Amino acid sequence: ASCKFGNVAVFLAVTSPTTGTCVTPAHAAAQVTFEVSMNSEDYISLPTGFVFYSPVTMSKYLPRGVPIAGGSIVTVSGTNFRAFGAISTVCRFGSHVVKGTVVSTSTIACRAPPAVPFA
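Let me begin by describing the structure that accompanies this report. Because the structure is predicted, anything quoted here is derived from the model rather than measured.

1. Observations regarding the environment of Ser45
Counting through the fold element by element, Ser45 comes out in strand 5 (residues 44-52). Ser45 gets classed as partly exposed once you look at its relative accessible area, which sits at 45%. Taking the C-alpha atoms as reference points, Ser45 and Cys3, separated by 42 residues in sequence, lie 9.8 Å from one another. Beyond its immediate chain neighbours, meaning those up to four positions away, Ser45 contacts Phe34 and Glu35.

In structure tokens, the structure reads:
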């Protein structure tokens with residue numbers, strides 16, 4: 001059994017009658033076809049394909065502090081940010097996780113939550 005990312009075939013570990021696991025090969029950033037085969041000869045192409053993306057980096061965030069009431073927008077700067085459809089972009093402020101918005105490939109905006117007093 002195998003998975004094919006573009007033209008590169010890799011081993012498909014079948015874990016149940018409806019589930020399997022493939023390890024992605026190294027690849028340049030690109031959208032490629034994604035196919036699965038139980039006999040490594042006859043492939044079924046999945047319509048959504050597969051996306052290899054460049055690693056995300058974070059270079060700074062501003063402002064460096066906000067009022068304890070929260071509500072301020074914090075802007076995160078970096079590289080290779082992108083929205084992934086139904087997968088949410090989030091920011092973590094201590095133990096608080098809030099939804100983020102991908103503004104561009106170099107900017108994410110998040111609304112800071114209220115501060116929680118130390119116990």
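2. Considerations on the pairing of strand 1 (residues 2-5)
Both strand 1 and strand 2 (residues 8-16) contribute to a ladder of four bridges, which runs antiparallel. Within strand 2, the position partnered with Lys4 by the bridge is Ala9. Here strand 1 folds back onto strand 2, and the loop between the two strands holds two residues, one of which, Gly6, carries a positive phi near 65 degrees. The pairing of strand 1 with strand 4 (residues 30-37) spans four bridges and is classified as antiparallel. Bridge pairing in strand 4 links Phe5 to Phe34.

3. Thoughts on the sheet that holds strand 10 (residues 107-111)
Here five strands make up an open sheet; going across it, the order is 6-7-10-9-8 and the pairing antiparallel. The open sheet is flanked by strand 6 (57-62) and strand 8 (89-93), the only strands paired with a single partner. Strand-to-strand twist in this sheet, taken as the mean axis angle between neighbours without regard to direction, amounts to 35 degrees. As paired elements, strand 8 and strand 9 (residues 96-104) share five bridges and run antiparallel to each other.

4. Describing the side chain of Thr89
By the secondary structure assignment, Thr89 is in strand 8. Judged by relative accessible area, Thr89 falls into the buried class, the value being 18%. Beyond its immediate chain neighbours, meaning those up to four positions away, Thr89 contacts Arg82, Val98, Lys99, Gly100, Val102 and Ile108.

5. Details of the state of the cysteines
Within the structure shown, the criterion is met by two disulfides. The cystine pairing of the protein, numbering bonded cysteines in sequence order, is 1-2, 3-4.

The rules behind these values
Residues numbered from 1 in each chain as written. Predicted model: local features only at pLDDT ≥ 70, side-chain atom pairs only at ≥ 80, totals over all residues. Heavy atoms only, no water. Helix = DSSP H or I, 4+ residues; strand = E, 2+ residues; numbered from the N terminus. Buried < 20%, exposed > 50% of the residue type's maximum accessible area, 1.4 Å probe, protein only. Contact = heavy atoms within 4.5 Å. Pairing = 2+ DSSP bridges. Axes fitted to C-alpha atoms, helices over the stretch in contact; angles between N-to-C directions. Disulfide = S-S within 2.5 Å.

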